[in-house]
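Descriptive analysis of the structure
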Amino acid sequence: MLQLRKVIKRDLATHGFKSSLLGNVTFLEGCRRFFYAVTPKETSFANVSNVPDYVNEAVPFFLGAIIFEYILSFLTDFPRARLRLNDAFSSVSAGIFSQLSK
C-alpha cells in the first residue's frame, strides 16, 4: 500500500491530475478550456500541427456537465419537464456527426 502511494504521489507531481480519460490535459486545464478561461498565449500556436485536438479533449467535460445537470435537477426542485434526455442525446449526436466529416 505504501508503494502504491509513492507511485501515485510521483505521478501527480510529474503529470498533475491527468487521467487517461481526459486526454493530454489536466483536470483544471480542461475546466478552464471548457469555460473559455484561457489566455491568448495558451491558445496561440506557430504551426497548425501544434494545435491540440480541442474537441476530443472537451468530450469528457461535456458529458460530465450533462451528468452534473441531471444530478443537480434530481436533488433540487427544478422542473423535470425542462430537462429531457432527448436534448442531451441530440447534442451528443450532433457532436458525433460533426466529427464524421474529418
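Since the model is a prediction, treat every value here as computed from it, not as a measurement.

What counts, and at which threshold
- Residues numbered from 1 in each chain as written.
- Predicted model: local features only at pLDDT ≥ 70, side-chain atom pairs only at ≥ 80, totals over all residues.
- Heavy atoms only, no water.
- pLDDT = per-residue confidence, 0-100.
- Helix = DSSP H or I, 4+ residues; strand = E, 2+ residues; numbered from the N terminus.
- Polar contact = N/O pair within 3.5 Å; in protein donor to acceptor, adjacent residues only side chain to side chain.
- Contact = heavy atoms within 4.5 Å.
- Salt bridge = Lys/Arg side-chain N within 4 Å of Asp/Glu carboxyl O.
- Buried < 20%, exposed > 50% of the residue type's maximum accessible area, 1.4 Å probe, protein only.

**Here's the deal with the confidence of the model for the protein**
Taken residue by residue, the protein gives an average pLDDT of 76. The fraction at 70 or more is 71%. Averaged over each element, pLDDT in the protein is lowest for helix α1 (residues 2-15) (53) and highest for helix α2 (residues 27-34) (86).

**A few points about the side chain of Glu57**
Mapped onto the elements, Glu57 comes out in helix α3 (residues 54-75). Within the structure, the side chain of Glu57 is placed 2.2 Å from the side chain of Arg33, a separation counted as a polar contact. Excluding anything up to four places from it in sequence, Glu57 contacts Asn24, Val25, Arg33 and Pro52.

**A word on the pattern of salt bridges**
Under the definition given, this model contains three salt bridges. Here Glu42 and Arg32 are joined by a salt bridge, their closest N and O atoms 2.7 Å apart. With Glu42 in the loop between α2 and α3 and Arg32 in helix α2, the pair connects residues that are ten residues apart, well separated along the chain. For Glu42, a relative accessible area of 32% puts it in the partly exposed group. By relative accessible area, Arg32 is classed as partly exposed at 26%. A salt bridge links Arg33 to Glu57, with the nearest nitrogen and oxygen atoms 2.2 Å apart.

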